[in-house]
Amino acid sequence: MGIVPRLGRACWAAGRWALRHPGSFLLVAGLSAGVWRLWGFVQRAEVFRITQVELPADSSLHVPRPLIGENLLMLDLGALAEELKRQQPGLKEVRVVRRLPDTLMIEPIPRVPVAQVRIGQWHPVDADGFILPEGSVEPAETLVRLAGFERGRSALGVGKGNDDDRLRLALRVLAALQRTGSLMARRLTEVDVSDPQLIRFFIDGGA
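So, a few notes on the structure that sits alongside this text.

Rules and cut-offs
- Residues numbered from 1 in each chain as written.
- Predicted model: local features only at pLDDT ≥ 70, side-chain atom pairs only at ≥ 80, totals over all residues.
- Heavy atoms only, no water.
- Helix = DSSP H or I, 4+ residues; strand = E, 2+ residues; numbered from the N terminus.
- Buried < 20%, exposed > 50% of the residue type's maximum accessible area, 1.4 Å probe, protein only.
- Core = buried A, V, L, I, M, F, W, Y, C linked by side-chain atoms within 4.5 Å.
- Contact = heavy atoms within 4.5 Å.

With respect to the overall build of the protein
Helices and strands together make up the secondary structure of the protein, namely 4 helices and 10 strands. For the protein, the α and β elements follow one another from N to C terminus as α-α-β-α-β-β-β-β-β-β-β-α-β-β. Here the protein, with 207 residues, has 30% of them falling under the buried criterion.

Below, the structure written as structure tokens:
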């Protein structure tokens with residue numbers, strides 16, 4: 001059945017219902033008109049015009065277009081958050097929050113490194129497998145080294161998320177070791193997944 005016949009049948013059914021229930025029809029019509037007028041007021045109300053856009057002082061993000069004067073309630077927060085995140089792909093996310101009646105808050109959420117991998121240089125990696133672009137010649141003392149990725153054959157990439165099986169395995173092993181209380185005062189320094197069947201880890205410089 002085409003859309004026109006279906007629409008006609010729906011209109012006929014709605015008309016019959018309205019004739020049989022005039023009180024309910026008037027109530028629904030009144031509520032709909034009230035909601036429509038309220039929505040029109042929200043769209044035009046000066047009180048909801050953006051007067052402030054708040055960003056952390058140390059953030060290098062910049063708002064891609066002028067927002068002052070736009071309607072706070074009509075703004076597409078998801079689209080704006082995506083635009084901002086594209087400026088810095090290394091961020092975990094960017095939160096954009098309305099603070100009524102007239103303020104827009106932008107909060108960059110950084111990735112938290114849990115380990116480091118060597119791809120030319122040592123790069124931090126977070127729990128999701130995202131390898132941060134900041135690199136150093138020497139490994140950081142505060143981050144566990146993840147080893148066992150064959151140079152030239154590994155699909156690891158800097159500045160993006162990685163689905164490499166060995167990296168995922170190393171991160172799971174690291175998380176499991178950190179959850180146990182057996183390490184206590186000793187410091188885990190390295191997890192080696194060269195052989196996935198025989199994973200090695202090092203504590204305080206000793207195997």
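Structural notes on the nonpolar core
In this structure, Val117, Leu146, Phe149, Leu167, Leu188 and Val191 are the most contacted members of the largest nonpolar core, which totals 19 residues. Elements with a minimum of two residues in this core: strand E4 (113–119), strand E7 (144–147), helix H4 (165–179) and strand E9 (188–192). With 7 residues, H4 is the single largest residue contributor to this core. Filtering out sequence-adjacent residues up to four positions away, Leu167 remains in contact with Val117, Gly129, Leu146, Phe149, Leu156 and Asn162.

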